[in-house]
Amino acid sequence: MSAPGPAPDAQGEGAALGDWLGPSGPVASALVAQGGAYEVRGEQGRMAEAVARALSSGRHLLVEAGTGVGKSFAYLVPALAWAAETGQTVAVATSTIALQEQLVRRDLPLLQRSLPFEVSFALVKGRGNYLCLRRMTAALADRPLFEDDARGQLEGIEAWSRTTLEGSRQDLPFQPLEAVWDLVRAEHGNCLGRACRFYARCPYQASRARAHEAHLLVLNHHVLLSDLALRRSGASFLPEVGAVIVDEAHDLEETAAEHLGARASSLGLAQVLGRLWHPRTRTGLLAKHPDPALRVAVEEARAEAAAFFEGLAGALRAQGGAAGGGGARGAPSLSFPDPSPVPAGLCKRLEQLAAALETRRVAVEEQDVALEIGARARSVAEAAGALAALAAPAADGTVRWIDVGARGLSLCSAPVDVGPLLQEVLWSRVGTAVLTSATLTTGRPASFDFLRRRLGLAQADELALGSPFDYARQARIVLRADLPDPARETEAWEASLPDAVEAAVRESGGGALVLFTSTATLRRTAEALRPRMAAAGLELLVQGEGLERPALLERLRVGGGVLLGVASFWQGVDVPGEALRHVVIARLPFEVPTHPLHAARRARIESAGGNAFQELTLPQAALRLKQGFGRLIRRATDEGVVTILDPRMLTKAYGRFLLESLPSCPVEVRRGEATEQVGVEE
């Protein structure tokens, strides 16, 4: 992935950026040549210069770049120039798959063709995303042991392996069963390296080679943080990088909390043990390589784990705990009992099973079998370690909770404050970190204070760039003042939603995205709207009803649709033009107050004498609201409406703060048939 050419001259970098990204520059020419259009964006140039300064001076940088700035080119061009000049590697980490695909499939190939110096890049995925040809061959040899569906998928994977260029799960033409993919995926510690007969064709090794040769790596927040967690123990899988650019940085705190904590689930443990031996189906590694003593050990561990999780679930039901609320972000979340309910005996039994598997591995002469047993031993040891961490008294600054889902319980822990850990593993170790998003600041004037506190980024330059879009002309906000308060009159407010959503959708004639904070509310509203939308000739698209997110967005792009979504649909949705001309926000996106992690964060602020609502809850809601608003205007020619069906925007003092966090545009307040024009600044 490279185009030859001289490295850029550092002393002329500022002028070079203006030339490369200017109206007569190579990037503009390439855009026009492929049928696109070039728009002069002063904000893009300012951001590119700020990123170049941060890279050359070894400083950290926070950049909020409003929708339409073209921030990907604004950081990619200086990053590629700096990497070509210094020989160092830059990692670009995103939160969403959609942005990764945009960078790798569209933006970087265009820059590779147009920039007058060498450009090389690679997409980096976790090891488990890649096919292992050795493991696939072994699984195919055992195909008579599998049921028809699994056998058919294995054969389909084998056929695909002969033509695939990348060999990653995402390129498969079908969705594999988890149990099937687990048999053929690449695994840490289950690899022969150069001694493998498939080494020359190995998809994972090819991806590593591309990563080590590239100037710029594209990965997601999870891969970045997984590597940082490994580096704390002296290991890593990414090449050394001189700079990190974190796009969609508003999501970094939650991803960091997930990776810097611990998690053990009933389903996950059952899967780990089932890969060894499943007595009902008589499948697993020990079906092919039987060892009676190991089978008994697996069955005893399975029985003890099932008894623990079933007993815990029963105790929670008896307490009425399963009624807790996780909202749109997941299962109900309950406080972790103190002392920990995790039995030391279960941890010990799993540790003994891992040790027995390791002993068996050493005794096995066949290398492939030894590798498989070793990989299963590590999986059991990791499960034992996670449970042991959750069995021990909680460390200071850590909160633990239980997620209750349809498929079982998950025991979780996370640091209340990820800032110090990010300082340890990231900010202090990388020369330059650039954090960017369309939503990093809150309030007016815009302030980065909230993000700085949450991420522990004390030393960083700042740049807040508005959008080049003319929101005063292109957009307006409608606030409904005549609906019940969703916090005080929840049932009445929810009962009013179908009428309110229908009125908004009919006003725009479709082309609407309706955003919810609760999956249950979304489903009830969808059921009420279904016959009404059909009568109006509008297609109702509902998250969770069969189609995956990309397919739902493609249907919305066709036009005339109404899409109801939660969680991920508040961000990363790019549907320009008439297909999306109305965004309806059902309820203000405050975090679920009962979630133990959020409660612990609030408690820490209050114990230090702060105001948790002002310092945490409200800024979080403002950022999420900005994300939802940002789905509306995606191009300079777009026009539309954002309707908010939560009257607290008008009845609560914080409503003004939330409104001032949104782009300035005309605001209408509706009470029944009456409409009041509030204006741009009000």
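Residues numbered from 1 in each chain as written. Predicted model: local features only at pLDDT ≥ 70, side-chain atom pairs only at ≥ 80, totals over all residues. Heavy atoms only, no water.

J.: Quick question: what am I supposed to make of the pattern of salt bridges here?
T.: Oppositely charged side chains can form a pair if their charged atoms are brought close together. Counted according to the given criterion, the structure contains 48 salt bridges. Notably, a salt bridge pairs Arg671 with Glu676, separated by 3.4 Å at the nearest N-O pair. On the basis of relative accessibility, which here comes to 47%, the residue Arg671 falls in the partly exposed class. Look at Glu676 and you get partly exposed, because its relative accessible area is 42%. Residues participating in the shared-partner salt-bridge network are Arg135, Asp182, Arg185, Glu187, Arg275, Glu372 and Arg376. (Salt bridge = Lys/Arg side-chain N within 4 Å of Asp/Glu carboxyl O. Buried < 20%, exposed > 50% of the residue type's maximum accessible area, 1.4 Å probe, protein only.)

J.: Sorry, what's going on with the sheet that holds strand E13 (residues 512–515) here?
T.: Think of a sheet as strands paired side by side through backbone hydrogen bonds, with each pair either parallel or antiparallel. Spatially, eight strands are ordered E14-E15-E13-E16-E17-E12-E18-E19 in an open sheet, and the strand pairing comes out mixed. Here the strands that pair on one side only, and so sit at the sheet edges, are strand E14 (539–542) and strand E19 (674–677). Taken pair by pair, the neighbouring strands of this sheet meet at an average axis angle of 20°, ignoring direction. Alignment of E14 against strand E15 (residues 561–565), held across four bridges, turns out to be parallel. Note that in E15 the partner of Leu541 across the bridge is Leu563. (Pairing = 2+ DSSP bridges. Helix = DSSP H or I, 4+ residues; strand = E, 2+ residues; numbered from the N terminus. Axes fitted to C-alpha atoms, helices over the stretch in contact; angles between N-to-C directions.)

J.: Help me understand the nonpolar core in this model?
T.: Buried together is how nonpolar side chains tend to be arranged in soluble globular proteins. Membership of the largest hydrophobic core comes to 49 residues, with the highest contact counts inside it found for Leu111, Leu115 and Leu216. Examining the composition of this core, we find that 11 residues originate from one element, helix H4 (residues 71–86), more than from any other. Non-local contacts of Leu111, meaning those with residues more than four positions away in its chain, are made with Val27, Phe73, Leu76, Val77, Leu80 and Val119. Of all hydrophobic cores here, the second largest spans 43 residues; its members include Leu238, Val244, Val418 and Leu435. (Core = buried A, V, L, I, M, F, W, Y, C linked by side-chain atoms within 4.5 Å. Contact = heavy atoms within 4.5 Å.)

J.: What is the right way to read helix H5 (residues 97–114) from this model?
T.: The α-helix advances 3.6 residues per turn, and as a result positions three or four apart in sequence lie on the same side. Over its 18 residues, H5 extends 25 Å from the first C-alpha to the last, a length consistent with the 26 Å expected when each residue adds 1.5 Å. The inward-facing, buried residues of H5 abut helix H2 (26–33), H4, strand E2 (90–94), strand E3 (121–123) and strand E4 (216–220). Measuring from the side-chain oxygen of the N-cap residue of H5 to the backbone nitrogen of Leu99 gives 3.3 Å; that N-cap residue is Thr96. (Expected span 1.5 Å × (residues − 1). Polar contact = N/O pair within 3.5 Å; in protein donor to acceptor, adjacent residues only side chain to side chain.)

J.: Please explain the sheet that holds strand E6 (residues 262–265) as it appears in this structure.
T.: The strand order across the open sheet formed by four strands is E6-E9-E8-E7, and the pairing between neighbours is antiparallel. Every interior strand has two partners, whereas the edge strands, E6 and strand E7 (333–335), have only one. Across the sheet, the mean angle separating the axes of adjacent strands is 25° when strand polarity is ignored. Relative to strand E8 (residues 398–405), E7 runs antiparallel, the two being bridged by three bridges. Residue pairing across strands places Ser333 opposite Asp403, the latter belonging to E8. Packed on one face of the sheet, helix H12 (residues 266–274) meets E6 and strand E9 (408–415) and runs near 70° to E6.

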